[in-house]
Amino acid sequence: MTEHWDLTQPLREAIEEAEQLIFNAPFIKTEQDRLEGYDYLSGRIRMAMQMAFDYDLDHPLFVNPTHQFARQGLDNPDAIYLNAFLREGVEYVVRGRRGTTADLSFQVMGGSYSADSAATNLMAFDDRELDVAPDGTFEFGYTAEPGAKTMIVREVFDDWDTEERGTLTIERRDTLGRPAAPLTRDRLAKKYDVAARSLVGSIQTWFAFPQFFQYKEPVNTLTAPQSTPGGLASQRSSIGHYQLDDDQALVITVPRCEDCAYQGMQVGSDWYASTDYETHQTSLTKAQAVTDPDGRMRFVVSERNPGIANWLETTGHRTGALMLRWQRLERDLSAEDGPAVEVVPFADVRQHLPHHSPISTEEYAARIAARQRSVARRMIS
């Protein structure tokens, strides 16, 4: 008789627990919110399985855990995220070819984000600190310091239509060329257990995390530019959250930054995740947005279409997160570089846009088509 192995039981139990967390989320107000929660859950399951089964500490590689089908941590629609797990004291070699994206940055994290705290930032730099050859290739070594757990790479697009991704690999000098360890029952059991813990832990983490930061701010405001919690040394961000009725809009005015390679504004959901940035305009970079003659970009956050180029859609969400990012900065930012925010009646939006840029329904549809093509070209799932 064949022995019964119930290796998946921890994961099945974790999925049930995760479903209850999603179903009872405190911010659910509508049936659509709950449906989005179950879609969000599918991404969390996908990511938990990937975290447990795709990574190998003996044979590291960069895995893309966050994308349009697995959103988390108010993920940036303009970024490709790559993660590799590290082992303390081990020497690694990272090789790549620089693409034409606005920013390529590296960060080493100690521990992980949890419902109680952010991960520790041990090292952060961008490709300006690398020796990049004329053909775009580069290589650097890194010995994982005490506490180092993850290397995170962000490749960020300012112009979705023209910028191209680069390539990137990571390897251990001491295990290169060595076959992977054979599968064992204990090893598989551990992987399913890791997936189970990762699934529940990630949901609890991203329920709690914005309460420490975003939702401590007054509603319908954005902070002055500041260091991102657990983020990059070369990045500043402005965080906030909104609450709008259908007959209201948020007008956000921010100077266009000429001293950074990337500047982007996004609307997120109460799941602390990006909203549909493929078939809706829920984010804009400085390359995509219209800049007014006075050097400022004016965004309108609303459910209804105001007929302007810099509309950011709330896609049925009366409440949600807001975030502005600046990356690859050449100087630090002050409050004068940050945004001004005003809640206005939707009917009066254009009175608050001294240089508004009208856009037709057909032109807007063309913008959405371009977004779909760009995401399909640059993203991996």
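See the structure above.
All values derive from a computational prediction rather than experimental measurement. Along each chain, residue indices are assigned from 1 in the same order as the chain's sequence is written. Where local features are concerned, this predicted model is filtered to residues with pLDDT of at least 70; where side-chain atom pairs are given and counted, the filter is 80 or more; whole-chain, interface and lining totals use all residues. To get the side-chain values, all heavy atoms of the structure are used, and hydrogens and water are removed first.

> A description of the pairing of strand S16 (residues 319-329) should follow, citing residues and the corresponding values.
Burial of S16 is extensive: eleven of the eleven residues sit out of reach of the surface. DSSP bridges decide pairing: two strands pair if at least two such bridges lie between them. Helix numbering and strand numbering both begin at the N terminus, where a helix is a DSSP run of H or I of at least 4 residues and a strand a DSSP run of E of at least 2. Direction of pairing for strand S10 (residues 235-243) relative to S16: antiparallel, over a ladder of nine bridges. For Ile239, the partnering residue across the bridge sits in S16 and is Met323. Pairing between strand S12 (residues 260-268) and S16: eight bridges, direction antiparallel. The residue of S16 that forms the bridge with Val267 is Leu322. Burial classification: accessible surface area is computed with a 1.4 Å probe over protein chains only, and a residue below 20% of its type maximum counts as buried, one above 50% as exposed, and the rest as partly exposed.

> Could you give an account of the packing of aromatic side chains, with specific residues and numbers?
Stacked, edge-to-face and tilted labels apply to pairs of Phe, Tyr and Trp rings (six-membered ring for Trp) whose centres lie within 6.5 Å, assigned for plane angles under 30 degrees, over 60, and everything in between, in that order. A full pass over the atoms with the stated rule returns 16 aromatic pairs. Arranged with centres 6.0 Å apart and planes meeting at 45°, the rings of Phe209 and Tyr272 form a pair that is tilted. Of the two residues, Phe209 sits in helix H3 (residues 185-212) while Tyr272 sits in the loop between S12 and strand S13 (283-285), which places them 63 residues apart along the sequence. Of the aromatic side chains, those joined through ring pairs into one cluster are Trp206, Phe209, Phe212, Phe213 and Tyr272.

> Describe in detail the environment of Arg350, supporting the description with residues and values.
Secondary-structure assignment places Arg350 in the loop between strand S17 (340-345) and helix H4 (361-378). A C-alpha to C-alpha distance of 22 Å links Arg350 and Gly316, two positions 34 residues apart in sequence. Setting aside its immediate chain neighbours within four residues, Arg350 contacts Pro306, Gly307, Ile308, His356 and Pro358. Nitrogen and oxygen atoms within 3.5 Å of one another constitute a polar contact, given that in protein one can donate a hydrogen and the other can accept it, and given that sequence-neighbouring residues count only through two side-chain atoms. A distance of 3.2 Å separates a polar side-chain atom of Arg350 from the backbone oxygen of Gly307. By the convention used here, residues are in contact when the closest approach between their heavy atoms is within 4.5 Å.

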